[in-house]
Amino acid sequence: MKPLQEVGAITTHTETAATAPRPAAVPQILEPQDLKALIQASLDADQADDVTVIDLAGKTTFADYMVVASGRNTRHIAAMAMKLAEKLKQAGVRGVEMEGMAQCDWVLVDAGDVIVHLFKPEVRTFYNIEKMWGLDLPTPSGTARLSA
């Protein structure tokens, strides 16, 4: 057996917090009902009109919920879609896709387990996608907001 030798001081290199590499963010996995609640809260904060939630669980494999809402005009719809996409990103939802941002008459936000349709009221009436899922169109809210 070899005798133990004394070793000199051990030096280590430590980085300051500013230069230390940060670990990659781990995306949060939201349950479908939590994702739906986040989307509803975002649309409520942005004053979406006539929000309808359609439960698709067991009816289809592409999503658990569909949220349909109206905006007052194309600018309002674009703002709601962009804010919703940002809130989803902040919550760790990855791969959010948006369609229809060029015209903003009908914007589709695909958040995975929840699909969001944002319509101008007249476009929503024309397509009536709620009817596809056995629901009636909501009656326009009695507290109609002025559009700019």
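Residues numbered from 1 in each chain as written. Predicted model: local features only at pLDDT ≥ 70, side-chain atom pairs only at ≥ 80, totals over all residues. Heavy atoms only, no water.

An unreviewed UniProt entry annotates the protein chain as Ribosomal silencing factor RsfS of Azospirillum humicireducens. According to the UniProt record, the Function (unreviewed entry) comment for the protein chain is "Functions as a ribosomal silencing factor. Interacts with ribosomal protein uL14 (rplN), blocking formation of intersubunit bridge B8. Prevents association of the 30S and 50S ribosomal subunits and the formation of functional ribosomes, thus repressing translation." Per UniProt, the protein chain has the following entry under Subunit (unreviewed entry): "Interacts with ribosomal protein uL14 (rplN)." (UniProt positions renumbered as here; feature names shortened; annotations may be inferred.)

Details of unusual backbone geometry
A positive phi is found at C104, a non-glycine position, where the angle reads about 65 degrees. Within the secondary structure layout, C104 lies in the loop between β3 (97-99) and β4 (106-110). Judged by relative accessible area, which is 5%, C104 ranks as buried. Of note, the phi angle at N128 is positive, near 45 degrees, even though the residue is not glycine. (Helix = DSSP H or I, 4+ residues; strand = E, 2+ residues; numbered from the N terminus. Buried < 20%, exposed > 50% of the residue type's maximum accessible area, 1.4 Å probe, protein only.)

Quick look at the sheet that holds strand β1 (residues 49-55)
Sheet architecture is open: 5 strands sit in the order β1-β2-β5-β4-β3, paired in mixed fashion. Two strands bound the open sheet, and with one partner strand each, they are β1 and β3. Mean inter-strand twist for the sheet, computed between neighbouring axes without regard to direction, equals 15 degrees. Looking at chain direction, β3 and β4 are connected through 3 bridges and run antiparallel. (Pairing = 2+ DSSP bridges. Axes fitted to C-alpha atoms, helices over the stretch in contact; angles between N-to-C directions.)

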